[in-house]
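# Topology and contacts: notes
So the chains spell out like this:
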Amino acid sequence: MPSIRPAGVASDVPSPSWLLREGDTVFAVLEDTDEVASLRIVYKDDHSNDNPAKNGKVKLEELSRVKLPAKSGPTHAAIAVDPLLGRHLITADYQDGTVCVLPIDADDVLGPVAQVMHGDPDHHGPLPAQEGPHAHWILPLADGRVLTTDLGADRIYVHHWEGSRLVRTGFISLAPATGPRDLHVLPGPSGDWRIAVVDEWGCTVTILEPVDRNGVGSAVGQDNKDGEQSEEFWVAQTVGLGGDGGEHPDQAASLAFVPDALHVTDSSEGQDTEVPPFSSGFVYVGLRGSERIVTLYWDGRKLSRLAAESEAGWKGRGISCGGKRPRHIKAVGNMLIVANEVSDNLSLFRVADDGEPVHLGDYPAGSPTVVLPLAGV
């Protein structure tokens, strides 16, 4: 049976709340110290195993560490390439709502902050937690555009490159108190794609679709000093997750997609059989508060619930996340690893043929916020 075992400390950088990998380098967001770092993956092989990554000999050696603006509180980062082929690390900074752009050199060393883009302090949502701008996620698209979420403003900003400079050109406005948090690309049947937005406060998933060349779609937004409404995307769909309310309401966080191609499934019964198997599959979203994972189905064009929000069972209300405050859900093949931040554990699930997440076990891990596979890649 698959399991997770401790294999030692790879690096002792402070408060790494987000990690991403490019080649043999890991880039880390250090939330509490307002820094970002690049670290080289080094395999310390003691010849006790053909694969040193399996015997706990993986280390991360620091290449660079750069300060962001004070009290910025970075939570997420992504790498984007400009039209001049320059690489940049772009950060979403929750505390002050900024988006920072840093150059990356050929050796994966980070340069100082080259750009700081601010949110609109005069525009925010109605909730107490939306008292100002709160940038949370960066999504570079294959065509060069970059999207960022502002959880405090109920907006998703659209950016384009002008040479090596990132320019904010518009936004998509969501309903008040939505709180857009994470952005994920979902595949379509003909090489096209949609964007799934995890809405923290709305406890929904919003699907954004690009406006085609004929103008099909209805962009949503309004004018403000940060730019005009985006005419590049429209809100195609919103699906409820069934979040619990009350004094401490649920907060949605993280999304993982497991394509049908990774397992034999009868979930496609009644679905379009012409949809390629990598373009359809199950979507898993966390709810912090009631500590659940909700399962949805993506058919390549539309996101659907498997049962009513109030219905008991994994198809309806969902399953226990295995701990408290699921901050990240990582799909590894047909397995799900859930980082339960407050309960200090990772929970492992296997996706069954019908899409049900089957709990395999819980494993100690100090305040996990992100899961990044390294071994065997």
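In total, this model carries two cavities of 30 Å³ or more according to the counting rule given. Considered as a void within the structure, the largest cavity measures approximately 90 Å³ in volume. Contributing to the lining of the largest cavity are S17, W18, T75, H76, H136, W137, R181, D182, S254, R327, H328 and T369. Elements with a minimum of two residues in the lining of the largest cavity: β1 (16-22), β5 (74-81), β9 (135-140), β13 (180-187) and β23 (326-332). Across the lining of the largest cavity, the residue classes tally to two nonpolar, seven polar and three charged. Quantified by volume, the second largest cavity comes out at close to 30 Å³.

Moving on, we get to the layout of surface pockets. The computed volume of the second largest pocket comes to approximately 580 Å³. W18, H76, W137, H184 and K330 are the residues nearest the centre of the second largest pocket, which is lined by 26 residues in total. Grouping the amino acids of the lining of the second largest pocket by side-chain chemistry returns 21 nonpolar, four polar and one charged.

Bringing the pairing of strand β2 (residues 25-30) into the picture now. Looking along a regular strand, one sees side chains alternate from face to face of the sheet. Where burial is concerned, most of β2 is hidden: six out of the six residues are buried. In β2, alternate side chains face the same way, and those of T25, F27 and V29 on one face and V26, A28 and L30 on the other are all buried. In the sheet, β1 pairs with β2 via six bridges, with the strands oriented antiparallel. Bridge pairing in β2 places P16 opposite L30. Connecting β1 to the antiparallel partner β2 that follows it, the hairpin turn spans two residues, and G23 within it adopts a positive phi of roughly 65°.

Within the secondary structure layout, T149 lies in strand β10 (residues 146-150). Distance from T149 to P180, taken between C-alpha atoms, is 5.9 Å for residues 31 residues apart in sequence. Residues in contact with T149, not counting those within four places in the same chain, are H134, A135, H136, W137, R155, I156, P180, R181 and L183. Separated by 3.0 Å, the side chain of T149 and the backbone nitrogen of W137 make a polar contact. Looking at T149, its side chain comes within polar contact range of the main-chain oxygen of R181, at 3.0 Å.

Rules behind the numbers
- Residues numbered from 1 in each chain as written.
- Predicted model: local features only at pLDDT ≥ 70, side-chain atom pairs only at ≥ 80, totals over all residues.
- Heavy atoms only, no water.
- 1 Å grid on protein atoms, 1.4 Å probe; cavity = no way out; pocket = protein on both sides within 12 Å on 5 of 7 lines; lining within 4 Å.
- Points joined across faces, edges and corners; volume = space filled by probe spheres on them.
- Helix = DSSP H or I, 4+ residues; strand = E, 2+ residues; numbered from the N terminus.
- Nonpolar A, V, L, I, M, F, W, Y, C, P; charged D, E, K, R; others polar.
- Buried < 20%, exposed > 50% of the residue type's maximum accessible area, 1.4 Å probe, protein only.
- Pairing = 2+ DSSP bridges.
- Contact = heavy atoms within 4.5 Å.
- Polar contact = N/O pair within 3.5 Å; in protein donor to acceptor, adjacent residues only side chain to side chain.

What is shown is where atoms sit, not what they do.
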